[in-house]
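Reading the structure
Now for the letters of each chain:
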Amino acid sequence: MSEWRLYEVFVRSKHGLNHKHVGSVHAADAEMAMENARDLYTRRNEGVSIWVVPSDTITASASDEKEVLFDPSEDKVYRHASFYELPDEVGHM
Amino acid sequence: MYAQLVETGAKRLKTRDEMSPEEREFQEKVDAEIKIEPKNWMPEGYRKTLVRQISQHAHSEVVGMLPEGNWVTRAPTLKRKLQLMAKIQDEAGHGLYLYSAMETLGADRDEEIEKLHQGKAKYSSIFNYPTLNWADMGAVGWLVDGAAIVNQVVLQRTSYGPYSRAMVRICKEESFHQRQGYQILLDMMREGTDEQKAMVQDAINRIWWPALMMFGPHDDESPNSQQSMAWKIKRKSNDELRQMFIDQTIPQLEFLGCTVPDPDLKWNEETGHYDFGEINWQEFYDVLKGNGPCNRERINTRKKAIDEGAWVREAAVAYAKKQKQRAQAA
């Protein structure tokens, strides 16, 4: 077994953008995870902000639940702008 | 290639009819270029093969630091020393990206590293050769990283999502490695003394054949290729990749004003490729079996680093525990 905990790393590449998952690091604690993430994932100005999250605290959707989980959004075409047709005279809306 | 002779456990491909419904669905996804992600169902053989291939690839990055580390204290200028250290740090980073991808398959990093130390896991044969003069740093960057790039560019399209994304990151960084290597050789050839120019040719003479061996055995001697290609863990065959590497490298070699130790190398107008001589496969298999010039030394150095660093890891855990207790008491 690994002696250090696994952390998932999220990096905000530029101000105004979301944090994005980039990979993981091992560390004895959160502070060390932050330092390791900086050394590993931002050696060339790839980020302006980092999140580290213990991997075992993340709840993820299971792939075999995909249908059950996302099905309700599939039959609601009226949620998309393209559902509503307007006469050309109205112009761009 | 950084992964050679990766065992798939499959002697031949299963036909559609022999596949279970799950296997068939999986293969259809792979065929449609839909990436496989950690939580998706996958055949056990696919998972095991990937763990072997990715860990072998990661071990290669890590062991690959050693031949270069040999020259950090001997680099001719401060500039070259800084560049070399940055490159070595990248190799450590590449190893970690790959171990991270491997762990998404449920493998444990420490266990896989332990397998390497026990001689049960392979790494690329190329790192079992010594680096004898400063020009070797140039030739390694240019030829070894160059061969790795040819392989890794293709692997960006591999079917397993985390592996593919690690490859994208690695490829972005790898071109710096190759350029800095080539520039070392270019400077020596342009401004060097006769003795320094001879060092360049000597380095190329020693590294050329081992670099070609990196791509692994011929396609017809590569029993695992068919399954790996069907799973799209591998995207191009060993011989195809080797030919690509040679075709792009020879013009660069000629620009340097150097030669390779292969009397059969010549441009073939008809095929549009370079013809080249036969690789010494006995040497390849010997090195892979652990009998290359530096196999024992490399593994011993890795073990020593892990053993002598144990107190640092223990101290870090003890410190983290203490901080946690303090925070709880407060």
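This text gives an overview of the structure that appears in the document. (Residues numbered from 1 in each chain as written. Chains lettered and ligands numbered in written order. Predicted model: local features only at pLDDT ≥ 70, side-chain atom pairs only at ≥ 80, totals over all residues. Heavy atoms only, no water.)

1. Here we look at the overall build of chain A
When helices and strands are counted, chain A shows two helices and three strands. Beginning at the N terminus, the succession of helices and strands in chain A can be written as β-β-α-β-α. In terms of overall size, chain A is more extended than a compact globule, its C-alpha atoms giving a radius of gyration of 21 Å where 93 residues would be expected to give roughly 12 Å. With respect to the principal axes defined by its C-alpha atoms, chain A has extents near 65 × 35 × 15 Å. The burial tally for chain A puts 26% of its 93 residues in the buried class. The contacts in chain A between residues at least 6 apart in sequence include a share of 46% that link residues at least 24 apart. For chain A, the accessible area works out to roughly 7100 Å², and carbon and sulfur atoms hold 53% of it. Counting 10 positive and 17 negative side-chain charges, chain A places the averaged centre of each group 8 Å from the other. (Helix = DSSP H or I, 4+ residues; strand = E, 2+ residues; numbered from the N terminus. Rg over C-alpha atoms; globule rule 2.2 N^0.38 Å. Buried < 20%, exposed > 50% of the residue type's maximum accessible area, 1.4 Å probe, protein only. Contact = heavy atoms within 4.5 Å. Areas by Shrake-Rupley, 256 points an atom, 1.4 Å probe, with all protein chains shown as cover. Lys, Arg positive; Asp, Glu negative; His and termini not counted. Charge placed at Lys NZ, Arg CZ, Asp CG, Glu CD.)

2. Re the interface of chain B and chain A
Facing 22 residues of chain B, the contacting portion of chain A comprises 22 residues. Approximately 1800 Å² of surface area, both sides summed, lies buried where chain B meets chain A, with 45% of it carried by carbon and sulfur atoms. Taken together, chain B and chain A are joined by four salt bridges. In this structure, the salt-bridge partner of A:Arg44 is B:Asp90, at a minimum N-O distance of 2.5 Å. Summed over the shared surface of chain B and chain A, the result is eight residue pairs in polar contact (both at pLDDT 80 or more). Of all the elements in the fold, those that place two or more residues in the side of chain B that touches chain A are helix 4 (78–103), helix 5 (109–117), helix 7 (161–191) and helix 13 (310–329) of chain B. With seven residues, the top contributor of residues to the side of chain B that touches chain A is helix 4 of chain B. Among the residues forming the side of chain B that touches chain A, the class breakdown is eight nonpolar, four polar and 10 charged. (Buried area = accessible area lost by both parts, 1.4 Å probe. Salt bridge = Lys/Arg side-chain N within 4 Å of Asp/Glu carboxyl O. Polar contact = N/O pair within 3.5 Å; in protein donor to acceptor, adjacent residues only side chain to side chain. Nonpolar A, V, L, I, M, F, W, Y, C, P; charged D, E, K, R; others polar.)

3. With respect to the pattern of salt bridges
In this structure the tally under the stated criterion is 21 salt bridges over all chains. Of the charged contacts in the structure, one is a salt bridge between B:Lys87 and B:Glu68, with a shortest N-O distance of 2.5 Å. With B:Lys87 in helix 4 and B:Glu68 in helix 3 (residues 65–69), this residue pair connects regions lying 19 residues apart in the sequence. The class of B:Lys87 is buried, set by a relative accessible area of 0%. You can call B:Glu68 buried: its relative accessible area is 2%. Connected through salt bridges with shared partners, the residues A:Arg43, A:Arg44, B:Asp90 and B:Glu173 form a single ionic network.

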